[in-house]
Amino acid sequence: MLDFFTIFSKGGIVLWCFQGAGVTESFTGPVNALIRSVILQERSGNNSYTHEALNLKYKLDNEFELIFVVGFQKILTLTYVDKFIDDVQLHFRDRYKNELEQKGPLKLIQNNFEFEDDFLMLLGDAEKSSKARSLGNMRTFVQSEKSQKTVKSMIETKGGEKVKEQGGKKNKNAKKEAPAAEPVKVDPAKAGQKTVENGDQGLTSEEIMQNREKLFRKRTAVPTEKPIKSPKPQKPREKQMRVWHNGGKSTTKDLDYSGRNGDGSSNGDQNPEAQRDPEMQLNSMKGDLLSVDCESSEEEEDEMEDEKEKGETVVVNQTIKTSSKKSGGFGGMFGMLKGLVGSKSLTREDMEPVLEKMKDHLIAKNVAADISSKLCDSVAIKLEGKVMGTFTTVASTVKQALQGSLVQILQPKRRVDILRDVMDAQSQRRPFVITFCGVNGVGKSTNLAKISFWLIENGFTVLIAACDTFRAGAVEQLRTHQRRLNSLHPPEQHGGRPVVQLYEKGYGKDAAGIAMEAIAYARNQTFDVVLVDTAGRMQDNTPLMTALAKLIAINMPDLVLFVGEALVGNEAVDQLVKFNQALADHSMSEKPRLIDGIVLTKFDTIDDKVGAAISMTYITGQPIVFVGTGQTYNDLRSLNARAVVSALMKA
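Along each chain, the written sequence defines residue order, and numbers are assigned to residues from 1. At least 70 in pLDDT is required for a residue's local features to be given in this predicted model, at least 80 for side-chain atom pairs to be given and counted, and no such filter applies to totals for whole chains, interfaces and linings, which use all residues. Each side-chain value is derived from all of the structure's non-hydrogen atoms; neither hydrogens nor water enter the calculation.

### Re the overall build of the protein chain
Moving on, step 1. The secondary structure content of the protein chain amounts to 20 helices and 13 strands.
Moving on, step 2. Relative accessible area decides the class of each residue, using a 1.4 Å probe on protein chains only: under 20% of the type maximum gives buried, over 50% gives exposed, and in between gives partly exposed. Every one of the 651 residues in the protein chain was classed for burial, and the buried ones make up 41%.
Moving on, step 3. When checking whether two residues touch, look at their non-hydrogen atoms; a contact exists if any pair is within 4.5 Å. Counting only contacts in the protein chain whose residues sit at least 6 apart along the sequence, the fraction spanning at least 24 positions is 73%.
Moving on, step 4. The Shrake-Rupley method, run with a 1.4 Å probe, gives the accessible areas here. Residue values count only the displayed protein chains as cover. Carbon and sulfur atoms form 52% of the exposed surface of the protein chain, whose accessible area is close to 39300 Å². Only runs of H or I of at least four residues qualify as helices and only runs of E of at least two qualify as strands under DSSP, and these elements are numbered from the N terminus.

### A closer look at the UniProt feature "domain: SRP54-type proteins GTP-binding" (unreviewed entry) in the protein chain
Moving on, step 1. UniProt positions are given in the numbering used here, feature names are shortened, and annotations may be inferred rather than shown by experiment. As recorded in UniProt, the feature "domain: SRP54-type proteins GTP-binding" (unreviewed entry) lies at residues 623–636.
Moving on, step 2. A helix fraction of 0% and a strand fraction of 43% characterise residues 623–636, whose end C-alpha atoms lie 16 Å from each other.

### Topic: the sheet that holds strand β3 (residues 48–51)
Moving on, step 1. Here 5 strands make up an open sheet; going across it, the order is β2-β1-β5-β4-β3 and the pairing antiparallel. Each edge of the open sheet carries a strand with a single partner, namely β2 (14–19) and β3. Across this sheet, the average inter-strand angle for adjacent strands is 15°, counted without regard to direction.
Moving on, step 2. For β3 and strand β4 (residues 54–61), the ladder comprises 4 bridges, and the chain directions are antiparallel. Following the sheet pairing, Y49 is matched in β4 by L56.
Moving on, step 3. To get an axis, fit a line to the C-alpha atoms, keeping to the stretch in contact for a helix; angles then go from 0 to 180 degrees between the N-to-C directions. With respect to the sheet, helix α2 (residues 81–103) is in contact with β1 (2–9), β2, β4 and β5 (66–73), its orientation differing from that of β4 by roughly 40°. A pair of strands is labelled paired if DSSP reports no fewer than 2 bridges between them.

### Notes on unusual backbone geometry
Moving on, step 1. Positive phi values are uncommon outside glycine, yet R429 reaches one of about 60°.
Moving on, step 2. Note on placement: R429 falls in the loop between α13 (418–427) and β6 (432–437).
Moving on, step 3. A residue is classified by how much of its surface remains accessible, and R429, at 77% relative accessible area, is exposed.
Moving on, step 4. One non-glycine residue, T526, lies in the positive phi region at around 55°.
Moving on, step 5. Take T526: it is sitting in the loop between α16 (511–524) and β9 (529–534).

### Some words on a nonpolar patch on the surface
Moving on, step 1. Patch criteria: residues need more than 30% relative accessible area and no salt bridge. Like-charged residues are merged within 9 Å; nonpolar side chains of Val, Leu, Ile, Met, Phe, Trp and Tyr are merged within 5 Å. Only one rule defines a salt bridge in this text: a Lys or Arg side-chain nitrogen within 4 Å of an Asp or Glu carboxyl oxygen. On the surface, a nonpolar cluster with roughly 330 Å² of combined accessible area is contributed by M516, I554 and M588.
Moving on, step 2. Looking at where I554 falls in the secondary structure, it is placed in helix α17 (residues 542–555).

### Quick look at the packing of helix α18 (residues 570–585) against helix α19 (residues 611–620)
Moving on, step 1. Two numbers describe how α18 lies on α19: the axes approach to 9 Å, and their chain directions differ by 30°. On the basis of their axis angle, the class for α18 and α19 is roughly parallel. For the pair α18 and α19, the crossing hand works out as right-handed. Only S615, M616, I619 and T620 of α19 make contact with α18, whose side of the interface consists of A572, V573, L576, V577 and N580.
Moving on, step 2. Note on residue classes: Ala, Val, Leu, Ile, Met, Phe, Trp, Tyr, Cys and Pro are nonpolar, Asp, Glu, Lys and Arg are charged, and everything else, Gly too, is polar. Grouping the amino acids of the contact of α18 with α19 by side-chain chemistry returns 6 nonpolar, 3 polar and no charged. Note that the term roughly parallel is reserved for angles under 35 degrees, roughly antiparallel for angles over 145, roughly perpendicular for angles of 65 to 115, and oblique for everything else. Two helices that cross are described as forming a left-handed crossing if the nearer one is turned anticlockwise from the farther one by less than a right angle, and a right-handed crossing if clockwise.

### A short note on the environment of Q501
Moving on, step 1. Checked against the element boundaries, Q501 lands in strand β8 (residues 500–503).
Moving on, step 2. Once the C-alpha coordinates of Q501 and L485 are considered, the two residues, 16 residues apart in sequence, prove to be 9.7 Å apart.
Moving on, step 3. Dropping the residues within four chain positions of it, Q501 is found in contact with V462, L463, I464, Q482, Y521 and F527.

### So, α17
Moving on, step 1. In this analysis, the expected span of each helix is defined as 1.5 Å times one less than the number of residues it contains. With 14 residues, α17 extends 20 Å between its outermost C-alpha atoms, agreeing within 8% with the 20 Å of an ideal straight helix rising 1.5 Å per residue.
Moving on, step 2. Those residues of α17 that are buried lie in contact with β6, β7 (462–467), α16, β9, β10 (559–565) and α18.
Moving on, step 3. Phi turns positive, to about 45°, at M556, one or two residues after α17.

### Thoughts on the pattern of salt bridges
Moving on, step 1. Applying the stated rule across the entire model yields 19 salt bridges.
Moving on, step 2. Among the ionic pairs, K10 bridges to E65, the shortest N-O distance being 3.8 Å. Of this pair, K10 sits in the loop between β1 and β2 while E65 sits in the loop between β4 and β5, and the two are 55 residues apart along the sequence.
Moving on, step 3. Measuring nitrogen to oxygen at the nearest pair gives 3.5 Å for the salt bridge that ties K578 to D574. Placement of both K578 and D574 in helix α18 is noted, with a separation of 4 residues, approximately one turn of the helix.
Moving on, step 4. Look at the salt bridges and you will find they share partners, linking D61, E63 and R93 into a network.

### A word on the nonpolar core
Nonpolar side chains tend to gather and get buried jointly when the protein is soluble and globular.
Moving on, step 1. The biggest cluster of nonpolar side chains holds 113 residues, and the ones touching the most others in it are W454 and F626.
Moving on, step 2. Here this core gets 9 residues from one element, more than from any other, and that element is helix α12 (residues 394–410).
Moving on, step 3. The next biggest cluster of nonpolar side chains, apart from the first, holds 25 residues, and it includes L15, F68, F72 and F113. We define a nonpolar core as any set of buried Ala, Val, Leu, Ile, Met, Phe, Trp, Tyr and Cys residues linked to one another through side-chain atoms lying within 4.5 Å.

### A look at the sheet that holds β6
Moving on, step 1. Taken together, 8 strands build an open sheet; the order of strands is β8-β7-β9-β6-β10-β11-β12-β13 and the sheet is mixed. At either end of the open sheet lies a strand with only one pairing partner, and these are β8 and β13 (636–637).
Moving on, step 2. Summarising the sheet, β7 and β8 pair through 4 bridges and their orientation is parallel. Bridging from a neighbouring strand, L463 pairs with Q501 of β8.

### Some thoughts on α13
Helical geometry note: an α-helix holds 3.6 residues per turn, so side chains three or four residues apart project in the same direction.
Moving on, step 1. If you check which residues of α13 are buried, you get I418, L419, V422 and A425. Projected onto a plane normal to the axis of α13, the buried residues spread over an arc of 120° and lie on a single side.
Moving on, step 2. Where the residues of α13 are buried, they touch β6, α14 (444–457), β9, β10 and β12 (624–628).
Moving on, step 3. Immediately beyond the C-terminal end of α13, within one or two residues, lies R429, with a positive phi of roughly 60°. The arc in question is the one spanned by the directions pointing from the helix axis to the C-beta atoms.

### A closer look at the packing of helix α10 (residues 348–364) against α12
Moving on, step 1. Viewed as axis vectors pointing N to C, α10 and α12 meet at an angle of 45°, and their least axial separation amounts to 10 Å. Taken together, α10 and α12 sit at an angle that is classed as oblique. Handedness of the crossing formed by α10 with α12: right-handed. Along its contact with α10, which presents D350, M351, V354, L355, M358 and L362, the element α12 presents V394, A395, V398, K399, L402 and L406.
Moving on, step 2. Its residues placed into classes, the contact of α10 with α12 shows 10 nonpolar, no polar and 2 charged.

Printed below as a string of structure tokens:
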């Protein structure tokens, strides 16, 4: 039934393995995929993993740094696997502990670990118990409750329901046909008690008259209105004079745009020098991008003071209880110190209050709720059974583990070096193609222009393909960016050739066809990079998602970047899942092209609520390649994982 069972350490040493009868394929591929995709990526919140036709279940033993993995066919439903892997863990760790104490770690690694007999015994017991539960004898008809009922009882029950329904219908028409009042027999003693309680028999006639006068005054009295104070008139705010970047104040002459175009350049494009905007003299962006700067302090205080106190009390109180049973007063004191210096193993109950606070904190920082739960579950599984360090609390241990998990999630699994990839494409005499996709209004065209400026600064020529043939003004926006970029890098400085060109066919055309023609044009004209701008589309718009999948499947770009804004929370998860799903569903190949990276925009508007970065990378497993931090061409950064996590964990 089982294909394989393997036990290995977190250092990568295989201690013992078992392969089922008739299984010839090696299990190293599924296990390596589990390590890469789950364990190294801090996604161990769920104890199952699917790899091709196999279903893998795993369990972590944090005290001895062991991992137990069992694999079986996905079509099978084995109900005993969870209990079986727990039993194997308990038996193996006891044997492992004894072997370590007797032989030492070096001899244990050199010699084979004998565990096959115990394993087969546990496997046989688990399969027998599963068969016993599944093959339970069915009850006979005589033993069932239905046999005790008679036909007469069932008819009466059904008739009773009908009578009840008819009675309910009569109650609706009670106003039309009022039934005659029946005389009710009343006990005189009880009736006397009720009248005394509810009536005025307990009061004198004078008190009754006074109460009636008070009630009459309250009803007839006119409520007095409180004088409303009129608010003080606010002084009108004076309009402040416009201040330019060079420190001078605006004048009517400066505000006269009658002789200029909308982009700030003067009428008549004969002189390229006249197109340069003095405020667009930007800094150089040669080489790798700068890391995004998040406000963080290395000596920040722990924001979970109350969790600290709870963690200390959990550790101390439990140790005092266990030690006081064994010894007297001195034992309790030494037990408390022993609990603080590292003999306390963490349990799920110890971490539960701290994890709840951490989960709420992550949600408040814009991490999707589902992702927050999975992260906290992963940290709990990672820490359960682990021995705490010297003089550490539960809160600090959990926070440190969560920080490590978040950094691991944000760090890319593969190399992301676009400049090097463009040079490789140059050596093959073909353009490097990047496609941008995303929902409406996230800043695809603006960040495409920023990336164009960065590539131009590094000596590459860029062709922009205007494949947004739906939005009014999309082509004009790209044309404006092209003109501005060429004014910053005049053709005279590059042998008379513009460093940026726009390939456009107007509106209402097929986007996939325009992209194909642009790539062919770039190959003929020896452009280094092609940036494909696509129309914004909601993830639920099936026709537009089909068109995007067609564009990517036909042109096969080198990089597919999803552009998402840092302001979204749970919506980021829905967008990325449905974009990837659409690309997979509408692709014509067995291995469809999915999203390769993320461009995170509007990062300067969120302060320390950087949770969208965690949500996006956790869902796709792909890195954040660029971060947009403003409106100018210089406002493009790369992601600094530790700075983002530090900002995320701030109180």
